[in-house]
There are 2 protein chains.
Amino acid sequence: MKSISSSVIRRLPRYYRFLSELDKKGIQHVSSRELAKRMCSTASQVRQDFNCFGEFGQQGIGYNVKKLKDEIENILGIKCHYRAILIGAGNIGTAIANQVVFENKCFDLVGVFDKDEAKIGQKIGELDILHTDDIESFCSINAIVTAILCVPKSEVEELSERLYNIGIRSFWNFSHFDLNVKFENVIVENVHLSDSLMQLCFRITQKSNSL
Amino acid sequence: MKSISSSVIRRLPRYYRFLSELDKKGIQHVSSRELAKRMCSTASQVRQDFNCFGEFGQQGIGYNVKKLKDEIENILGIKCHYRAILIGAGNIGTAIANQVVFENKCFDLVGVFDKDEAKIGQKIGELDILHTDDIESFCSINAIVTAILCVPKSEVEELSERLYNIGIRSFWNFSHFDLNVKFENVIVENVHLSDSLMQLCFRITQKSNSL
DNA sequence: TAGATTGTTAATCGATTAACAATC
DNA sequence: TAGATTGTTAATCGATTAACAATC
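Quick caveat: nothing in here was measured; it's all calculated off a predicted structure. (Residues numbered from 1 in each chain as written. Chains lettered and ligands numbered in written order. Predicted model: local features only at pLDDT ≥ 70, side-chain atom pairs only at ≥ 80, totals over all residues. Heavy atoms only, no water.)

*Asks:* In this structure, what is going on with the protein's contact with DNA strand D? I would like to understand it.
*Replies:* For DNA strand D, the set of nearby residues contains 25 residues, the closest of which are Ser44(A), Gln48(A), Ser32(B), Arg47(B) and Asn51(B). In the environment of DNA strand D, a base oxygen lies 2.6 Å from a nitrogen or oxygen atom belonging to the side chain of Gln48(A). Residue Ser32(B) places a side-chain N or O atom 2.5 Å away from a phosphate oxygen belonging to DNA strand D. In terms of residue count, the dominant contributor to the surface near DNA strand D is helix α3 (residues 43–51) of chain A (four residues). Partitioning the surface near DNA strand D into residue classes produces three nonpolar, 18 polar and four charged. (Near = heavy atom within 4 Å. Polar contact = N/O pair within 3.5 Å; in protein donor to acceptor, adjacent residues only side chain to side chain. Helix = DSSP H or I, 4+ residues; strand = E, 2+ residues; numbered from the N terminus. Nonpolar A, V, L, I, M, F, W, Y, C, P; charged D, E, K, R; others polar.)

Structure, rendered in structure tokens:
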């Protein structure tokens, strides 16, 4: 398998989602042209993208949906079920747990923590909300790979240090605290919603300037 | 002003956030080297990025934080206060409204809608939650630029058509429904949280494979 | 066979990095 | 003046697009 470039990797989740849809519908083959249309891309790019990991296409017919989907699943490591904890059971934490994490095969959410006493004992999904003081003891008896940070920026500095100290090396970070700058050799996937909103703002501005 | 490439645009919100921080701290100048460190980038790239919109740097001293921040503010159109409505007052919608939209100067959130009768009349921030049936009448007396879609994928198809029909041409979309494919000449900023989670999954997988 | 579509090479395009004179 | 740092050009690198022979 040739190495996969970073721009291909960024596109893999979308390919995966679309191929899953096709697979559910029972569609067995799809052409690069159709995939491109759906991805807002070009047929050439789709073929180039898939070229680097084996041969799933047949001339005149297209790509085998199921095989291609399974291959991307392997590359991404979906089905690995990495064990995760979530910290911050506010609106965003609750939404993320219910609408994204529980729906997903990549990660098993096994613990939810909050520092607000009023929330302790309430549930998110099937999980009791535990106190953040108990993170260390919880993690000492549960091997945890990833922490999902849904707490305000001001709390992330101290929290991330504690998590780092108990061996957690990957983070899904919803705050603006810059974990990459604080730690080396740590995997950080940032979700900067306000950046996304500013991008939208820019595009509206650009459009109205061009009228 | 030279034209701004799309990769520069993607970085502008982060520059803006960092420059705002420096400005709040009263720091007046910053070098490309420092900015690069913070951006996980290179000094060369920072200089190249700023080169395309005027001259804010002084040899030997660095960039004027305030001027540079204001310029980016203008380019992005922050302070335009585009009027927006949000549809779907669940966990994600509530979190987005409180933690992102109300905190932001780009958009003025002026209406929140949900189809769940039980939520009608409750408040998000200072706004009463209204019924989605009332979107058309609300928008006929309030000029709305943008819709923030926090409803399940299954509802977006019909909803987006209604919004399109009353003239809304930009969307901040939290569902996986593909508005770009449905409409032309519409600005869509997608937030695909599950894609982000898959990226994280991939990076963990990649790291454990390389050990 | 004719039509469709892949796999792959080559060409183009754009983004990043390196280098250094200019200048504060 | 010496040190720091920009602005800008040139070189490199990588990603996208075009083209077409191979083949189902």
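And the narrative resumes.
*Asks:* I would appreciate a short explanation of the protein's contact with DNA strand C in the present structure.
*Replies:* Residues in close proximity to DNA strand C total 27 residues, the closest being Ser32(A), Arg47(A), Asn51(A), Ser44(B) and Gln48(B). Near the protein, within 4 Å, the atoms of DNA strand C are sugar or phosphate in 54% of cases. Arg11(B) has a polar side-chain atom sitting 3.1 Å from a phosphate oxygen of DNA strand C. Looking at the surface near DNA strand C, the elements with two or more residues in it are α3, β2 (57–58) and β3 (62–64) of chain A together with α1 (6–24) and α3 (43–51) of chain B. Partitioning the surface near DNA strand C into residue classes produces five nonpolar, 18 polar and four charged.

*Asks:* I keep staring at the packing of α1(B) against helix α2 (residues 32–39) of chain B and nothing clicks. Help me out?
*Replies:* When two helices pack together, you describe them by how their axes are tilted relative to each other and by the distance separating the axes. Residue and element names in this part refer to chain B. The geometry of α1 relative to α2 is characterised by a closest axis approach of 11 Å and an angle of 115 degrees between their N-to-C directions. One finds that α1 runs roughly perpendicular with respect to α2. In this structure, α1 meets α2 at a crossing whose hand is right-handed. When α1 is examined against α2, the residues Arg11, Arg14, Tyr15, Phe18, Leu19 and Glu21 are found in contact with a partner set consisting of Glu34, Leu35, Arg38 and Met39. (Axes fitted to C-alpha atoms, helices over the stretch in contact; angles between N-to-C directions. Parallel < 35°, antiparallel > 145°, perpendicular 65-115°, else oblique. Left-handed = near helix turned anticlockwise from the far one by under 90°. Contact = heavy atoms within 4.5 Å.)

*Asks:* Can you help me understand the side chain of Ser196(A) in this one?
*Replies:* Its location among the elements puts Ser196(A) in helix α9 (residues 193–209). Polar contacts involving the side chain of Ser196(A) include one to the side chain of Glu189(B), which spans 3.2 Å. Apart from residues no more than four positions distant in its own chain, Ser196(A) is found in contact with Trp172(B), Glu189(B) and Val191(B).

*Asks:* Help me understand the sheet that holds strand β6 (residues 123–124) of chain A in this model?
*Replies:* Whether parallel or antiparallel, the strands of a sheet pair through hydrogen bonds between backbone atoms. The strand order β6-β7-β5-β4-β8-β9-β10 (chain A) describes an open sheet built from seven strands, whose pairing is mixed. The sheet is open, and its two edges are formed by β6 and β10 (187–190) of chain A, each paired on a single side. The pairing of strand β8 (residues 146–149) of chain A with strand β9 (residues 170–173) of chain A spans four bridges and is classified as parallel. Residue pairing in the sheet places Ile148(A) in a bridge with Trp172(A) of β9(A). Packed onto the sheet, helix α7 (residues 153–165) of chain A meets β4 (82–87), β8 and β9 of chain A and runs at close to 170 degrees relative to β8(A). Helix-sheet contacts for helix α9 (residues 193–209) of chain B involve β4, β5 (107–114), β8, β9 and β10 of chain A, and the interaxial angle to β10(A) is about 170 degrees. (Pairing = 2+ DSSP bridges.)

*Asks:* Whenever I open this one, the interface of chain A and chain B confuses me. Can you help?
*Replies:* A common way to state how big an interface is: give the accessible area lost once the parts meet. Contacts between chain A and chain B engage 61 residues on the former and 61 residues on the latter. Seen at the junction of chain A and chain B, the total is eight salt bridges. One salt bridge in this structure joins Arg38(B) and Asp178(A), with 3.4 Å as the shortest N-O distance. At the boundary of chain A and chain B, one finds 22 residue pairs in polar contact (both at pLDDT 80 or more). Of all the elements in the fold, those that place two or more residues in the side of chain A that touches chain B are α1 (6–24), α2 (32–39), α4 (65–76), α5 (91–101), β9, α8 (179–182), β10 and α9 of chain A. Looking at the side of chain A that touches chain B, the element that brings in the most residues is α9(A), giving 15 residues. Here the side of chain A that touches chain B is built from residues that sort into 31 nonpolar, 17 polar and 13 charged. (Salt bridge = Lys/Arg side-chain N within 4 Å of Asp/Glu carboxyl O.)

*Asks:* Help me understand the sheet that holds strand β2 (residues 57–58) of chain B in this model?
*Replies:* All names here are of chain B. Sheet architecture is open: three strands sit in the order β1-β3-β2, paired in antiparallel fashion. Two strands in the sheet have a free side with no partner beyond their single neighbour: β1 (29–30) and β2. Where β2 meets strand β3 (residues 62–64), two bridges bridge the pair, whose relative direction is antiparallel. Looking across to β3, one finds that Gln58 is bridged to Gly62.

*Asks:* Please explain the pattern of salt bridges as it appears in this structure.
*Replies:* Pairs may arise between side chains of opposite charge once their charged atoms sit close together. All names here are of chain A. For the coordinates displayed, the defined rule picks out 36 salt bridges over all chains. Between Lys69 and Glu73 there is a salt bridge; the shortest N-O distance is 3.9 Å. Taken together, the residues Lys69 and Glu73, both in helix α4 and four residues apart, mark about one turn of the helix. As a salt-bridge pair, Lys123 and Asp128 come within 3.3 Å of each other at their nearest N and O atoms. A single salt-bridge network, built from bridges that share partners, covers Asp23, Lys66, Lys69, Asp70, Glu73 and Lys79.

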